[in-house]
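# Geometric and topological summary
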Amino acid sequence: MPVEIFVGHNPEGQPLSPDYSHEMTSLIEIVKRLWVAFHHHPPYYAVVANLAEHSADMIVISERGIGVMELKHYYGRVSCRTDGAWYAGPKRMIAGVEGRGFKNPHEQVQAYAEQIRQKLITPPPWQDPWLPGKTIEWPDFKFHTAVCFTHPDADLSEFDEQLRKRCRPITLPWEDFSVLTIDQVPGWAMSLRFEAGGERASGFNRYRVTPTQIKRFLGELFSLSHWSEIEELMPTGEPFAYLTLVDKERELQVFGLNQDLITLGRDPSSCEISLPERLFLVSRNHARVFRTVEGVFLEDLNSTNGTFLEGKRIRRAKLEHGQRIILGRARPDEGTAEFEVSFEVDEISTLEATKKLSVGK
């Protein structure tokens, strides 16, 4: 399984779920995005939530790198001041728990990451959880840190520039720091590198670990367990969207899209949704529908007669519920293929005279 999810334990050894509903919702949304992005493909990713002993909200470890993330659920315009404090609107952000406050969320996640890093780079003499039998140049061994704003109304439009010009955070030599939204987390996770930042000497040996090594040192160094309740919420093979083919000469056909990439056209050997030859304005490989963490998209594949969404010719566009797709011309005509987009299962189930087809099954 390329993505595995773990949760930290409290002092009694029980799984430590988030205290607040918005924290749980944010964790689920982030993990879902990581799952969708990576669970079909290597490399391996371990996601650790609520590491109580080091107060970290989330750790992501891949075969190539490690990152520590702090989640903040503030809304409004995010800004910083010359004294280092961060604000959301007029409200100063709280960083850290009572009795152990930090000036801002960056200093908070930096401190948590330093604790974890020290635990990993100073194992007992008989134990090297990373690369047994190999010499590691610890000054080159990097951690990524990030503060992720989880509220949809957090305005970060000017924050990056403020960080660079007004209150540039002080990063440590081992650190690569980022400010993220939930949608940016998969890209951040993909970029994790143990040797991030700095110049590369000739012949530099890039560090890489195996899934077995990751699981071993997680089990030996931290108190964790599989987070089964959140794993059950991850996407399955069930359709994530539906295309209804409107064809006057045949019954309605509903295609359930359960693959992340679906090709539409008249070539049955290469198209998951194969259309009849009488729809002559449709190219052999006309268009494709694909899913990313940002949504479901329609893309034209350099077709002869074009792909149209709501009457407008497109190269690539995000799909919304209820939209109409026409392959071949802007309006339905002889030789074109017309589809209706749906993301609602209940509406699909009420269609009469419908033949349901699950793509790929």
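## Comments concerning the pairing of strand β14 (residues 241-246)
Counting buried residues in β14 gives 5 out of 6 residues, a clear majority hidden from the surface. Note: β14 against strand β15 (residues 252-257), 5 bridges, orientation antiparallel. Note on β15: the bridge partner recorded for Leu243 is Phe255. Across 5 bridges, β14 lies against strand β24 (residues 337-342) in antiparallel orientation. Its bridge partner lying in β24, Leu245 is registered against Phe339.

## Quick word on a positive patch on the surface
A cluster of basic residues, Arg81, Arg92, Lys103 and Arg166, forms a positive patch on the protein surface. Residue placement: Arg166 occurs in the loop between α3 (159-165) and β12 (175-181).

## Points about the sheet that holds strand β5 (residues 76-80)
Adjacent strands of a sheet pair through backbone hydrogen bonds, lying either parallel or antiparallel. Spatially, 4 strands are ordered β7-β6-β5-β11 in an open sheet, and the strand pairing comes out mixed. The open sheet terminates on both sides in strands that have one partner only, identified here as β7 (91-92) and β11 (154-155). Inspection of the sheet shows strand β6 (residues 86-88) paired to β7 by 2 bridges, in the antiparallel sense. Looking at the pairing, Tyr87 lines up with Arg92 of β7.

## Re helix α5 (residues 211-221)
Of all the residues in α5, the buried ones are Gln213, Ile214, Phe217, Leu218 and Leu221. Burial along α5 is one-sided: seen end-on, the buried residues are contained in an arc of 130°. Away from its buried face by more than 90 degrees, α5 exposes Thr212 and Gly219. Summarising the contacts, the buried residues of α5 are in contact with β1 (3-8), β2 (45-51), β3 (56-62), α2 (105-121) and β13 (224-226).

## A few points about the confidence of the model for the protein
The share of residues in the protein with pLDDT of 70 or more is 80%, and the mean pLDDT across the chain is 81. In the model of the protein, strand β25 (residues 354-358) stands out as the element of lowest mean pLDDT, 42, in contrast to strand β20 (residues 307-309), which has the highest, 97. Taken together, the stretch residues 349-358 has pLDDT below 50 and engages in 19 contacts with residues farther than four places along the chain or on a different chain.

## Notes on α2
Over its 17 residues, α2 runs 24 Å from end to end, which matches the ideal 24 Å to within 8%, given 1.5 Å per residue. The element α2 is largely enclosed, with a buried count of 12 among its 17 residues. Taken together, the buried positions of α2 are occupied by Pro105, His106, Gln108, Val109, Gln110, Ala111, Tyr112, Ala113, Ile116, Arg117, Leu120 and Ile121. The N-cap of α2, judged by a side-chain oxygen 3.0 Å from the amide nitrogen of His106 a few residues on, is Asn104.

## Structural notes on the nonpolar core
In terms of nonpolar packing, the biggest core is built from 42 residues, with Ile59, Trp86, Ile116, Phe143, Phe149 and Leu218 touching the most fellow members. No other element matches α2, which puts 5 residues into this core. Core analysis: the second largest hydrophobic core is formed by 28 residues, Tyr45, Ala49, Ala189 and Ile230 among them.

## Some points on the pairing of strand β10 (residues 143-149)
By the criterion of burial, β10 is predominantly enclosed, with 7 of the 7 residues buried. Alternating residues of β10 divide into Phe143, Thr145, Val147 and Phe149 and His144, Ala146 and Cys148, and every residue in both groups is buried. Judged from the 6 bridges that link them, strand β4 (residues 66-72) and β10 form a sheet pairing that is parallel. Each bridged residue has a counterpart across the sheet, and for Glu70 the counterpart in β10 is Val147. Sheet analysis places β10 next to β12, joined by 7 bridges and oriented parallel. Residue pairing across strands places Cys148 opposite Leu180, the latter belonging to β12.

## A few points about the packing of aromatic side chains
Evaluated as defined, the whole model comprises 7 aromatic pairs. A ring pair is formed by Phe38 and Tyr45, whose centres lie 4.2 Å apart and whose planes are at 10°; its orientation type is stacked. Overall, Phe38 belongs to the buried group, its relative accessible area being 5%. With 6.0 Å between their ring centres and 90° between their planes, Phe102 and Tyr112 make a pair best called edge-to-face. In this pair, Phe102 is assigned in the loop between β9 (100-101) and α2 and Tyr112 in helix α2, connecting sequence segments 10 residues apart. Tyr112 matches Phe102 in its accessibility class, with the two residues each being buried. In textbook terms, an aromatic cluster arises when at least three aromatic residues are bridged by ring pairs, as seen for Trp86, Phe149 and Phe159.

## Quick notes on the side chain of Gln110
Note that Gln110 resides in helix α2. By relative accessible area, Gln110 is classed as buried at 13%. Polar contacts involving the side chain of Gln110 include one to the main-chain carbonyl oxygen of Ile170, which spans 2.9 Å. Polar contacts involving the side chain of Gln110 include one to the side chain of Glu175, which spans 2.7 Å. Beyond its immediate chain neighbours, meaning those up to four positions away, Gln110 contacts Ile170, Thr171, Leu172, Trp174 and Glu175.

## Here's the deal with the environment of Ile121
Following the sequence through the fold, Ile121 ends up in helix α2. Residue Ile121 is classed as buried on the basis of its relative accessible area, which comes to 14%. Ile121 sits 20 residues away from Phe141 along the chain, and the two C-alpha atoms are 8.9 Å apart.

Criteria and thresholds
- Residues numbered from 1 in each chain as written.
- Predicted model: local features only at pLDDT ≥ 70, side-chain atom pairs only at ≥ 80, totals over all residues.
- Heavy atoms only, no water.
- Buried < 20%, exposed > 50% of the residue type's maximum accessible area, 1.4 Å probe, protein only.
- Helix = DSSP H or I, 4+ residues; strand = E, 2+ residues; numbered from the N terminus.
- Pairing = 2+ DSSP bridges.
- Patch = residues over 30% accessible without salt bridge, like charges linked within 9 Å, V, L, I, M, F, W, Y side chains within 5 Å.
- Areas by Shrake-Rupley, 256 points an atom, 1.4 Å probe, with all protein chains shown as cover.
- Salt bridge = Lys/Arg side-chain N within 4 Å of Asp/Glu carboxyl O.
- Lys, Arg positive; Asp, Glu negative; His and termini not counted.
- Charge placed at Lys NZ, Arg CZ, Asp CG, Glu CD.
- Arc of directions from axis to C-beta.
- Contact = heavy atoms within 4.5 Å.
- pLDDT = per-residue confidence, 0-100.
- Expected span 1.5 Å × (residues − 1).
- Polar contact = N/O pair within 3.5 Å; in protein donor to acceptor, adjacent residues only side chain to side chain.
- Core = buried A, V, L, I, M, F, W, Y, C linked by side-chain atoms within 4.5 Å.
- Phe/Tyr/Trp six-rings, centres within 6.5 Å; stacked < 30°, edge-to-face > 60°.

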